[in-house]
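# Descriptive structure summary
What follows is the residue order along each chain.
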Amino acid sequence: MIRPLKRLRRSAPPWWRAAIVVLVLSVVGVLYALNLYLTARFTEGQRSDAELTATFFAGNLKAQLQRHALLPPLLARDPVLIGALLSKDYTSTSQRLIEFSNEIGTTAIELYDLDGRIVASTNRRDLGRLGNERPFVTAALRDSGTVFTVADTENNSPLGFHYARRVTYGALTIGLVAVSVDLKIIEESWRRRNARVAVTNSEDNIILASNPYWRNNVIADLAAPSPSSRFSAPITLPAFQTEDSPFVFINDKPYLRSETRVGFRGWRLTFFSSLENVRAQVNLILALVVTALALMVAAVLYWLSKRLRLRSQAIEQESLELKRLNRRLSEEIAERERVEKTLQDAEQSLEQASKLAALGQMSAAVSHELNQPLAAMRTYLAGAKLLVKRNRVEEAESSFLRIDDLIDRMGSITRQLKSYARKSTTSMHVVDMRNVVESSLSMMAPQLTQSPVEIRKALPSTPVNVTADPVRLEQIIVNLLRNALDAVADCDQPVLDILLVSGKMMSLSVRDNGTGIADLENLFEPFYTTKKPGEGVGLGLAISAGIATELGGRLSARNATQGGAIFELTLPLTDEKQANQTAAE
């Protein structure tokens, strides 16, 4: 359709083009005039509705105020309240005020004595407070009638509206009764209706509003007579701009302003009616007109298209070419989807292979980690047999208890390795590193006693608390001690130094006087070992380094300047407050 129009425009005479321009301008002018007329008509109806709504809101507000104005005279003549003020017995007065408040629906009712002290109130927390600073207290004591006051509040909260009247006994003034009017209900009803309403006092200050941020302002500061930018003004409004124009702009949006008197203390209620409904109605009619014009244009174009039917074959040819291109594009998309599916399958296969490799590594780790407890159990079992033959049953029972502990240790190791394989969280709590070191030395006691190695340990006198799993910490220390024993196996005077230091971080060093480490770079790689075949698989230090990293620390190694190797474990400390809290839990 577009290509025939281009051909027609090229071949049309000049007068034809001028006629089209005039027709387009005429249509635009008609639409503009129709827009003005419809806007004026619907706006007038909207204005009448806004005036009725403003009158309704004002009447409702006045009725609310008058309903509460009747309560202070009634309470001032209540014999129960008068008797309480005369006898100074206020045991049942608060309950009576609460009953009145529930029936009328007031915010609060308070009874004051002549000293300005609250002796009865619907809010019992206010009993005993002095209210001399409240304006309605002094005003009511001076006036013989009912006094209405408005108290300022802060933080955009509703203003306090109070009716007050003094209580007399004969010609004697004995107290004061005050009723707080809850006008927040009126504001909430405005907000539920999505109405924009503001009530101003005789000084033109906003005291009630559907929008809480309007309070303590004036109408002129909120509603501007014109928009801040001429580009944001509707094109229909300038025709109505006069000195008494009903249009105002709030946040550059047009509204109809309807104002009416409340009939109470010079108050005025202003209702801002949105023009969205007017614009929607006008747009609907304009849309229908435009649709009708579009249908007419479509009919003309259809008639013109008959004259260009011969040229439509080229368009059909282009359509067939486009279909072929679409088919090729669909085939390329399908091919891309097949490639992505193959890539996903390859990624899943690679993930499965990684899981199988990790499973093989964990199987070798189980064999390595259980070798140490099994060797210790063998030693304790041989000793227990000798003790039983010598009738030293109590000492044999001690060996059996150690064997039982080693069995628990083996179970913990297997659970730990499974947890390592799943990368799941372990049981973390605050532990003292001194106890962990002693427990690890106890674990290694059979090997240490069989070797002539000298153990020199330096532990601080105060606790060194860290948050970790004690079993995994023991696993690290046992691996370090076992490697150190292997390193000093050929030394004449083997020595192991264990140093625990507490500073910004916890530092545990295990030093031997062996031959040192030849390859520090690959020391913590899995399956790296300098031992003979059958003596180790090279997983102990790799697993220990992984545990240290998971605990937020680090395991490092270096050669000592005087020979031997030093393995250092650093972990973050747990402060005393956290340690006490964890212990309490």
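Coordinates for the structure precede this section.
Here the structure is a predicted model, which means the values were calculated and not measured. (Residues numbered from 1 in each chain as written. Predicted model: local features only at pLDDT ≥ 70, side-chain atom pairs only at ≥ 80, totals over all residues. Heavy atoms only, no water.)

## Some points on the overall build of the protein chain
- Regarding its fold elements, the protein chain presents 16 helices and 17 strands.
- A burial count over the protein chain gives 37% of its 585 residues as buried.
- Residue pairs at least 24 apart in sequence account for 62% of intrachain contacts in the protein chain once pairs closer than 6 positions are excluded.
- Only carbon and sulfur atoms are counted for the fraction: they give 55% of the accessible area of the protein chain, which is about 34900 Å². (Helix = DSSP H or I, 4+ residues; strand = E, 2+ residues; numbered from the N terminus. Buried < 20%, exposed > 50% of the residue type's maximum accessible area, 1.4 Å probe, protein only. Contact = heavy atoms within 4.5 Å. Areas by Shrake-Rupley, 256 points an atom, 1.4 Å probe, with all protein chains shown as cover.)

## Description of helix H5 (residues 93-104)
- Between its first and last C-alpha atoms H5 spans 17 Å; for 12 residues at 1.5 Å apiece the expected length is 16 Å, and the two agree.
- Of the positions making up H5, those classed as buried are Thr93, Ser94, Leu97, Ile98 and Ser101. Buried residues of H5, seen end-on, are gathered within an arc of 140° and therefore sit on one face of the element. Opposite the packed face of H5, turned more than 90 degrees from it, sit the exposed residues Asn102 and Glu103.
- Buried-residue contacts for H5 involve helix H4 (79-87), strand S1 (108-112) and strand S2 (118-121). (Expected span 1.5 Å × (residues − 1). Arc of directions from axis to C-beta.)

## Side note on the sheet that holds strand S8 (residues 247-250)
- Read across the open sheet, the 5 strands follow the order S7-S6-S10-S9-S8; overall the sheet is antiparallel. Two strands in the sheet have a free side with no partner beyond their single neighbour: strand S7 (206-209) and S8. Between one strand and the next, the sheet's axes are offset by a mean angle of 35°, whatever the strand orientation.
- Bridge analysis of strand S6 (residues 196-200) against strand S10 (residues 268-274) gives 5 bridges, and the strand direction is antiparallel. Following the sheet pairing, Arg196 is matched in S10 by Phe272.
- Together, S6, S7 and S10 form the strand contacts of helix H7 (residues 184-192), whose direction differs from that of S7 by roughly 55°. (Pairing = 2+ DSSP bridges. Axes fitted to C-alpha atoms, helices over the stretch in contact; angles between N-to-C directions.)

## Observations regarding the nonpolar core
- Met433, Leu473, Met506 and Leu508 are the most contacted members of the largest nonpolar core, which has 46 residues in total.
- Looking at this core element by element, the count peaks at 8 residues for helix H14 (residues 470-487).
- If we skip the residues at most four places from it in the chain, Leu508 touches Met433, Val437, Ile477, Ile498, Leu499, Leu500, Phe567, Glu568 and Leu569.
- Counting 40 residues, the second-largest nonpolar core is a separate cluster that includes Phe57, Ala84, Val197 and Leu208. (Core = buried A, V, L, I, M, F, W, Y, C linked by side-chain atoms within 4.5 Å.)

## What about helix H9 (residues 276-307)?
- Compared with the 46 Å implied by 1.5 Å per residue over 32 residues, the 46 Å span of H9 between its first and last C-alpha is a close match.
- Those residues of H9 lying buried are Val278, Val282, Leu286 and Leu304.

## A short note on the sheet that holds strand S16 (residues 554-559)
- The 5 strands are arranged S12-S14-S15-S17-S16 in an open sheet whose pairing can be described as mixed. On the outer flanks of this sheet lie strand S12 (454-458) and S16, each paired with one strand and no other. Across the sheet, the mean angle separating the axes of adjacent strands is 15° when strand polarity is ignored.
- Note that strand S14 (residues 495-502) and strand S15 (residues 505-512) share 7 bridges and pair antiparallel. Note on S15: the bridge partner recorded for Val501 is Ser507.

## Examining the side chain of Glu110
- Relative to the helices and strands, Glu110 resides in strand S1.
- The buried category is assigned to Glu110, whose relative accessible area is 6%.
- In this structure the side chain of Glu110 is engaged in a polar contact, spanning 2.5 Å, whose partner is the side chain of Tyr112.
- Among all residues touching Glu110, those that are not within four sequence positions of it are Leu97, Ile118, Ala120, Ser121, Asp126, Arg134, Phe136, Leu176, Val177 and Ala178. (Polar contact = N/O pair within 3.5 Å; in protein donor to acceptor, adjacent residues only side chain to side chain.)

## Overview of the pairing of S15
- Where burial is concerned, most of S15 is hidden: 6 out of the 8 residues are buried.
- Two elements, S15 and strand S17 (residues 565-572), share 7 bridges in a ladder whose sense is antiparallel. The residue of S17 that forms the bridge with Met506 is Leu571.

## Digging into the pattern of salt bridges
- The final tally for this structure, using the stated rule, is 11 salt bridges.
- Its salt-bridge partner being Arg558, residue Glu568 comes within 3.3 Å of it at the nearest N-O pair. Of this pair, Glu568 sits in strand S17 while Arg558 is found in strand S16, placing the two residues 10 residues apart along the sequence.
- Residue classification places Arg558 among the partly exposed positions, given a relative accessible area of 39%.
- Connected via shared salt-bridge partners are Arg257, Glu259 and Arg268. (Salt bridge = Lys/Arg side-chain N within 4 Å of Asp/Glu carboxyl O.)

## Describing the packing of helix H12 (residues 433-443) against H14
- In contact at an axis separation of 9 Å, H12 and H14 are set at 55° when each is read in the N-to-C sense. Comparing the axis directions of H12 and H14 gives the class oblique. H14 is crossed by H12, and the crossing has right-handed handedness. Contacts from Met433, Val436, Val437, Ser439, Ser440, Leu441 and Met443 in H12 reach Pro470, Leu473, Glu474, Ile477, Val478 and Leu481 in H14. (Parallel < 35°, antiparallel > 145°, perpendicular 65-115°, else oblique. Left-handed = near helix turned anticlockwise from the far one by under 90°.)

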